[in-house]
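Now for the letters of each chain:
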Amino acid sequence: MRKIVVIGGGAAGMFAAIWASEGGAEVHIYEHNEKLGKKLYITGKGRCNVTNGCEDVDELFRSIISNPRFLYSAFYTFSNQDMMRYLTGLGLPLKTERGQRVFPASDKSSDVIRALTDALKKNKVHIHLNQEVTELLMEDGHIEGICLANGEQIGADAVILATGGMSYASTGSTGDGYRMAEAAGHHVTPLNPSLVPMNIKEEWCRQLQGLSLKNISFSLQQGKKAFFKDFGEMMFTHFGITGPVVLSGSTCIAPRLKKGPVAAVIDLKPSLTEEQLDARILRDFDKNINRQIRNSLSELLPASLIPVVIDLAGIDPYRIVHDITKQQRQQLVSVIKHLTMTVTGVRGFNEAIITQGGIRVKEIHPGTMASKLVQGLYFAGEVMDLDAVTGGYNLQIAWSTAYMAGRAAAEGIAE
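Residues numbered from 1 in each chain as written. Predicted model: local features only at pLDDT ≥ 70, side-chain atom pairs only at ≥ 80, totals over all residues. Heavy atoms only, no water.

*Asks:* Would you mind going over the overall build of the protein with me for this structure?
*Replies:* A count of helical and extended segments in the protein gives 14 helices and 21 strands. By its C-alpha atoms, the protein is 85 × 45 × 35 Å across when sized along the principal axes. Considering the protein as a whole, with its 415 residues, one finds that 54% of them fall into the buried category. Once local pairs closer than 6 in sequence are excluded, the contacts in the protein between residues at least 24 apart make up 72%. Taken as a whole, the protein presents about 18000 Å² of accessible surface, with 48% of it coming from carbon and sulfur. Taking the average place of the 43 positive charges on the side chains of the protein and the average place of its 43 negative ones, the gap between the two points comes to 7 Å. (Helix = DSSP H or I, 4+ residues; strand = E, 2+ residues; numbered from the N terminus. Buried < 20%, exposed > 50% of the residue type's maximum accessible area, 1.4 Å probe, protein only. Contact = heavy atoms within 4.5 Å. Areas by Shrake-Rupley, 256 points an atom, 1.4 Å probe, with all protein chains shown as cover. Lys, Arg positive; Asp, Glu negative; His and termini not counted. Charge placed at Lys NZ, Arg CZ, Asp CG, Glu CD.)

And the structure:
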């Protein structure tokens, strides 16, 4: 019987272990935390967005930021629909929400972890908690096993590296997997925090701390050209902006920031053209003809946003509505349709949901997740240079690659 060691007991590690054991191997998970699935526990604000329910696999690929072609075999072999069927088969009811985001019906990530843990126990997977792996043991280009922090050496026929990235270090994502992979001869691409809030230069942004905006259009621009656009929700914070559209935008901002300033532009009324918005403002003005402008926009904008928009439009907030000129009204329209901020950077790995970058995928067989450099070494999940936008896609990367790695490791298949 082949002995498989899985380093890391997160989503990818647990799932790889399940499928390696399904393949008839003796499987051991080594996890340096006190429990399995610590990062999985906090995903989706504790609800765990397990995957995306899109019915077209091509939509999965469109949501991948880094190296989508590498995932061709993985997604077609074990798709999001396969994952949903697997979880319901474990007795975990699911529900699908806006954007095809799939959650456990209970809204509890702990139920996902419990279902996977029960599958591990059923398959007699050996779980070793509070056990830190410090290095891979190799000889003549072959995996021989692992070495623990206490110096103990564990022999293995194959090792699956599923240590995650650098994000949320408190959950155990310390970047150890990158170091071990590099020691084995692999290359690690530049690492950046991703699905992460953004820092904003403008002081008025901080004045709006706690304000949430829904149904807005959000874009990122460098020069006059937008390189990212999305529609949805966001929120202002004490340092800048966050929320679904902001986090998704962060996946493509790192290389742009190195080239120069990036502008974040919000269209507060995307369903209205500038002409329609102007007509709407005129109607509001007609109802408030003798009031100050600061008291005449309450039906159009959130209260805390009104003084900011008026100031950015260059209008005296105490000006009476009937004295507002057409030019000033057009400035107001322009600000509402193009509320612009300067992005100075993104927050750190401690606030990032995922890590962008990782083990170079050109050095990994896409059909098995096996190393092209070290026989018996496999990879699963975020430790590789693979990432996606929000919506359950990143966890699907973990499930699909873990399935491939677990099955291939159990069978001793490299390519």
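*Asks:* Just checking my understanding: could you explain the pattern of salt bridges for this structure?
*Replies:* Opposite charge on two side chains lets them pair, provided their charged atoms get close. One pass over the full model with this rule turns up 16 salt bridges. With its nearest N and O atoms 3.0 Å apart, the salt bridge here joins E299 to K287. One end of the pair, E299, is in the loop between α11 (274-287) and α12 (306-312); the other, K287, is in helix α11, with 12 residues separating them in the sequence. With relative accessibility at 53%, the residue E299 sits in the exposed group. For K287, a relative accessible area of 55% puts it in the exposed group. Each of R47, K95, E97 and D107 takes part in one network of salt bridges that share partners. (Salt bridge = Lys/Arg side-chain N within 4 Å of Asp/Glu carboxyl O.)

*Asks:* Just checking my understanding: could you explain the layout of surface pockets for this structure?
*Replies:* Empty pockets left among the atoms are what a rolling probe the size of a water molecule brings to light. Taken as a whole, the second largest pocket spans an internal volume of roughly 250 Å³. R101, D230, F231, S248 and T390 are the residues nearest the centre of the second largest pocket, which is lined by 17 residues in total. Secondary structure elements with two or more residues in the lining of the second largest pocket: β15 (225-236) and α9 (244-249). Looking at the lining of the second largest pocket, the element that brings in the most residues is β15, giving six residues. Broken down by class, the residue content of the lining of the second largest pocket amounts to six nonpolar, six polar and five charged. (1 Å grid on protein atoms, 1.4 Å probe; cavity = no way out; pocket = protein on both sides within 12 Å on 5 of 7 lines; lining within 4 Å. Points joined across faces, edges and corners; volume = space filled by probe spheres on them. Nonpolar A, V, L, I, M, F, W, Y, C, P; charged D, E, K, R; others polar.)

*Asks:* It is not clear to me how the state of the cysteines should be interpreted in this structure. Could you clarify?
*Replies:* By definition, a disulfide links two cysteine residues through a covalent bond between their sulfur atoms. Within the structure shown, the criterion is met by zero disulfides. The cysteine C252 is free of any disulfide, with C205 supplying the nearest cysteine sulfur at 19 Å. (Disulfide = S-S within 2.5 Å.)

*Asks:* Help me understand the pairing of β15, please; the structure alone is not making it clear to me.
*Replies:* As a general feature of sheets, a regular strand has side chains that alternate between the two faces. Sheet topology places strand β14 (residues 212-222) next to β15; nine bridges connect them, and they run antiparallel. Looking across to β15, one finds that Q221 is bridged to A226. Connecting the antiparallel pair β14 and β15 is a turn made up of two residues, with G223 showing a positive phi of about 75°. As paired strands, β15 and strand β16 (residues 240-242) are joined by two bridges and run antiparallel to one another. (Pairing = 2+ DSSP bridges.)

*Asks:* Mind showing me how you'd approach the nonpolar core here?
*Replies:* Soluble globular proteins tend to pack their nonpolar side chains together in the buried interior. With 86 residues, the main nonpolar core has F15, L40, Y86, L116 and I146 as its most contacted residues. In terms of residues, this core owes the most to one element, helix α14 (residues 393-411), which gives 12 residues. When near neighbours in sequence (up to four residues on either side) are disregarded, F15 contacts F78, M83, Y86, L116, W399, A402 and Y403. (Core = buried A, V, L, I, M, F, W, Y, C linked by side-chain atoms within 4.5 Å.)

*Asks:* Would you take a moment to explain the packing of aromatic side chains for this structure?
*Replies:* In this description, a pair of aromatic rings is defined by centroid distance and the angle of the planes. Scanning all chains against the criterion turns up 14 aromatic pairs. Measuring from ring centre to ring centre gives 5.3 Å for F15 and W399, while their planes differ by 65°; the resulting arrangement is edge-to-face. In this pair, F15 sits in helix α1 (residues 11-22) while W399 sits in helix α14, placing the two residues 384 residues apart along the sequence. One exposure class covers both F15 and W399, and it is buried. Three or more aromatic residues link up through ring pairs in this structure, and these residues are F15, W19, F78, Y86, W399 and Y403. When the ring centre of Y41 is taken as origin, the NZ or CZ atom of K35, which lies over that ring, is 5.1 Å away. Its end group placed over the ring of F239, R347 keeps NZ or CZ at 3.8 Å from the ring centre. (Phe/Tyr/Trp six-rings, centres within 6.5 Å; stacked < 30°, edge-to-face > 60°. Lys NZ or Arg CZ within 6 Å of the ring centre and 35° of its normal.)

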